[in-house]
Amino acid sequence: MTSIGIFGSMGRMGLAIAEIAPELGAPVAGGCDMSGDPNELARKSDTLVDFSAPAALEAHLAAARAAGTPIMIGTTGLGARHHAMIDEAARDIAVLQTGNTSLGIGLLSHLVREAAARLGADWDIEIVEMHHRNKADAPSGTALMLGEAAAQGIGTTLSEAGVQGRAGLTGPRAAGTIGMAALRGGSVVGDHSVIFATAGERIEFTHRADDRAIFARGAVRAALWLAGRAPGRYTMDQVLGV
Ligand SMILES: NC(=O)C1=CN([C@@H]2O[C@H](COP(=O)(O)OP(=O)(O)OC[C@H]3O[C@@H](n4cnc5c(N)ncnc54)[C@H](OP(=O)(O)O)[C@@H]3O)[C@@H](O)[C@H]2O)C=CC1
Ligand SMILES: O=C(O)C1=N[C@H](C(=O)O)C[C@H](O)C1
């Protein structure tokens, strides 16, 4: 049996993963949070998941690398610096990072890319997400993934086309942009809508997460899939086969 070590084990996601992993045949080797030794956890685990915070990523990757243990990273709010660290670690171990481990979002990313490519330049693209009041980062990692998929569909990148929130005298909407808005409140697990709007009609793709179990299941599946893989950076598409 392949054992899983959990970085961020006492958090919302860490607890959900600890509950689901044994049901999927993976015993939990242990967990680690602000206190605890990442190196010890990496050594005693066959595969790792990280649902903690960007500030912890460097230490978690170093521990995984030193132990030669694959790692699935679900933490969001990562910047270019963090992605460079992940690329570097992927030279020595199998690594997968994604802002959303659910099957629904895996499929939705493809649908959004396809819709953006087929609808063409006269359709405006807007992304709205809502999460619980305790979420630390905005926009969500998922919104950024969906934004990147839409940007690919229209032949650009999110850093070129993205517009984060709007306020004040913004003037008319600039053509070819992808607007993003983040709402926070209550206990919302995670809602994402991608809206395609043109004169006289609108298409809306919405995914609603009702339970963190969907993320936990995907994370465990990905971590098990990574076990025994050659070093490299893998994607959730490869795990889900969507
Ligand atoms: N990819 C996906 O599918 C999903 C990704 N996420 C992402 O996962 C992350 C965690 O979410 P969630 O579980 O809701 O958050 P929580 O705040 O509930 O949990 C975070 C955990 O990480 C630990 N932690 C925080 N900072 C550090 C640090 N510097 N070093 C070590 N451990 C640390 C916390 O420990 P302590 O209690 O000691 O502070 C806590 O156990 C977020 O980035 C979130 O966006 C969430 C859901 C799905
Ligand atoms: O913090 C959360 O809760 C979630 N974070 C991920 C994100 O940033 O997209 C995934 C999910 O939406 C829940």
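Residue positions are counted from 1 within each chain, in the order its sequence is given. For naming, the first written chain is A and the first written ligand is 1, with later ones following in the order written. Per-residue local features are limited, in this predicted model, to residues with pLDDT of at least 70; the limit for side-chain atom pairs, both in listing and counting, is 80 or more; totals at the level of whole chains, interfaces and linings are taken over all residues.

Looking up the protein in an unreviewed UniProt entry gives the name 4-hydroxy-tetrahydrodipicolinate reductase, with the organism given as Sphingomonas xinjiangensis. Database annotation for the protein, UniProt heading Subcellular location (unreviewed entry): "Cytoplasm". Check the Pathway (unreviewed entry) section of the UniProt entry for the protein; it says "Amino-acid biosynthesis; L-lysine biosynthesis via DAP pathway; (S)-tetrahydrodipicolinate from L-aspartate: step 4/4." UniProt positions are given in the numbering used here, feature names are shortened, and annotations may be inferred rather than shown by experiment.

Draft legend 1. Seen up close, the site of ligand 2. If you check the shell around ligand 2, you find Thr 76, Gly 99, Asn 100, His 131, Lys 135, Ser 140, Gly 141, Thr 142 and Gly 190 and nothing else. Considering only residue class, the shell around ligand 2 consists of no nonpolar, 8 polar and 1 charged. Domain segmentation is taken from an automatic or database assignment of domains. Taken domain by domain, the shell around ligand 2 gets at least three of its residues from each of domain 1 (4-101 + 212-240) and domain 2 (103-209). In this analysis a residue is considered near a molecule or strand if the C-beta atom, reconstructed from its backbone, is found within 6 Å of that molecule or strand. Throughout, the ten residues Ala, Val, Leu, Ile, Met, Phe, Trp, Tyr, Cys and Pro are labelled nonpolar, Asp, Glu, Lys and Arg are labelled charged, and all others, Gly among them, are labelled polar.

Draft legend 2. Structural view of unusual backbone geometry. Residue Pro 139 is bonded to the preceding Ala 138 through a cis peptide linkage, with omega at -10°. Helical segments are the DSSP runs of H or I of at least four residues, strand segments are the runs of E of at least two, and each set is numbered from the N terminus. Relative to the assigned elements, Pro 139 resides in the loop between β6 (124-131) and α6 (141-153).

Draft legend 3. Representation of the pairing of strand β5 (residues 94-97) within the structure. Across the two faces of β5 the burial is the same, with Ala 94 and Leu 96 and Val 95 and Gln 97 all buried. Both strand β4 (residues 71-73) and β5 contribute to a ladder of 3 bridges, which runs parallel. Note that in β5 the partner of Met 72 across the bridge is Leu 96. When the strands point away from the viewer, a crossover counts as right-handed if the path from the first strand over the helix to the second runs clockwise. Regarding topology, helix α4 (residues 80-89) serves as the crossover connection from β4 to the parallel β5, and that connection is right-handed. In this sheet, strand β11 (residues 232-234) lies alongside β5 in parallel orientation, the contact comprising 3 bridges. The partner of Val 95 across the bridge, within β11, is Arg 233. Backbone-placed C-beta atoms define the burial measure: a residue is buried with 20 or more other C-beta atoms within 10 Å of its own, exposed with 12 or fewer, and partly exposed in between. When DSSP finds two or more bridges between a pair of strands, those strands are recorded as paired.

Draft legend 4. Broad picture of the site of ligand 1. In the region of ligand 1, 23 residues are neighbours, and Gly 8, Gly 11, Ser 52, Ala 56 and Gly 74 sit closest. Sort the elements by how many residues they give to the shell around ligand 1 and helix α1 (residues 12-20) lands first, with 3 residues. Residues of the shell around ligand 1, tallied by class, amount to 8 nonpolar, 13 polar and 2 charged.

Draft legend 5. Fine view of the sheet that holds strand β1 (residues 4-7). Across the sheet, which stays open at both edges, the 6 strands sit in the order β2-β1-β3-β4-β5-β11 with parallel pairing between neighbours. Pairing within the sheet leaves two strands with one partner each, and these edge strands are β2 (28-32) and β11. The mean inter-strand angle of the sheet, taken between neighbouring strand axes irrespective of direction, is 20°. In this structure, β1 lies alongside strand β3 (residues 47-50), joined through 4 bridges in parallel fashion. To get an axis, fit a line to the C-alpha atoms, keeping to the stretch in contact for a helix; angles then go from 0 to 180 degrees between the N-to-C directions.

Draft legend 6. Geometry of the nonpolar core. Think of a nonpolar core as buried Ala, Val, Leu, Ile, Met, Phe, Trp, Tyr and Cys residues chained together by C-beta atoms that fall within 7 Å. The biggest cluster of nonpolar side chains holds 44 residues, and the ones touching the most others in it are Ile 17, Val 49, Met 72, Val 220 and Ala 223. Ranked by the residues each element gives to this core, the list is headed by helix α8 (residues 213-226), at 10 residues. Contact criterion: two residues are in contact if their C-beta atoms, reconstructed from the backbone, are within 7 Å. Those residues in contact with Met 72 that sit more than four places away from it in its chain are Leu 48, Val 49, Leu 96, Ala 219, Ala 222, Ala 223 and Leu 226. Judged by nonpolar contacts, the second largest core, of 16 residues, contains Ile 105, Ala 116, Ile 125 and Met 145.

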